[in-house]
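Architecture at a glance
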Amino acid sequence: MRLDKYLKVSRLIKRRTVANEACDAGRVTVNDKPAKASYEVKAGDIIAIRFGDKEIRVEVLAVQETVRKEDASGLFKYI
């Protein structure tokens, strides 16, 4: 699954266009490397997202095309 879609499905970022813009601006890294929106996310990847002066780091546990809002947090774990 594409990185921008994964960020939206997992509810880490609310909208796919916002996720796409964050990737283009270099605020998203995967495994400590800047990632484009088209990067293919796999289980075990470490995603870091910078929001201003704060950073969120998560490990991808699962990749699913669709998921209910209540179950979205099961796709990743915070580190």
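Above this text is the structure in question.
Here's a quick rundown of the structure. (Residues numbered from 1 in each chain as written. Predicted model: local features only at pLDDT ≥ 70, side-chain atom pairs only at ≥ 80, totals over all residues. Heavy atoms only, no water.)

1. Concerning the pattern of salt bridges
Two side chains of opposite charge can pair, provided their charged atoms sit close to one another. A full pass over the atoms with the stated rule returns eight salt bridges. Between Glu70 and Arg68 there is a salt bridge; the shortest N-O distance is 3.2 Å. Here Glu70 falls in the exposed class, since its relative accessible area comes to 55%. Overall, the relative accessible area of 54% leaves Arg68 in the exposed class. (Salt bridge = Lys/Arg side-chain N within 4 Å of Asp/Glu carboxyl O. Buried < 20%, exposed > 50% of the residue type's maximum accessible area, 1.4 Å probe, protein only.)

2. Focus: the pairing of strand E4 (residues 54–60)
Where strand E3 (residues 46–51) lies against E4, six bridges are found, and the strand directions are antiparallel. Each residue of the ladder has a partner; that of Phe51, found in E4, is Lys54. Once E3 ends, the chain turns through two residues before running back antiparallel as E4, passing Gly52 with a positive phi of about 65 degrees. Judged from the three bridges that link them, E4 and strand E5 (residues 76–78) form a sheet pairing that is antiparallel. (Pairing = 2+ DSSP bridges. Helix = DSSP H or I, 4+ residues; strand = E, 2+ residues; numbered from the N terminus.)

3. A word on the sheet that holds E4
Pairing in this open sheet of five strands is antiparallel, and the strands run E2-E1-E3-E4-E5 from one edge to the other. Each having just a single partner strand, strand E2 (33–34) and E5 make up the two edges of the open sheet.

4. Describing the nonpolar core
Counting 24 residues, the largest nonpolar core has Leu3, Tyr6, Leu7, Val28, Ile47 and Ile49 as its most contacted members. Taken together, the elements giving at least two residues each to this core come down to helix H1 (3–9), helix H2 (16–24), strand E1 (28–30), E3 and E4. Take this core: its biggest share by element is four residues, from H1. Non-local contacts of Val28, meaning those with residues more than four positions away in its chain, are made with Leu3, Leu7, Ala22, Cys23, Lys33, Pro34, Ala35, Ile47, Ala48 and Ile49. (Core = buried A, V, L, I, M, F, W, Y, C linked by side-chain atoms within 4.5 Å. Contact = heavy atoms within 4.5 Å.)

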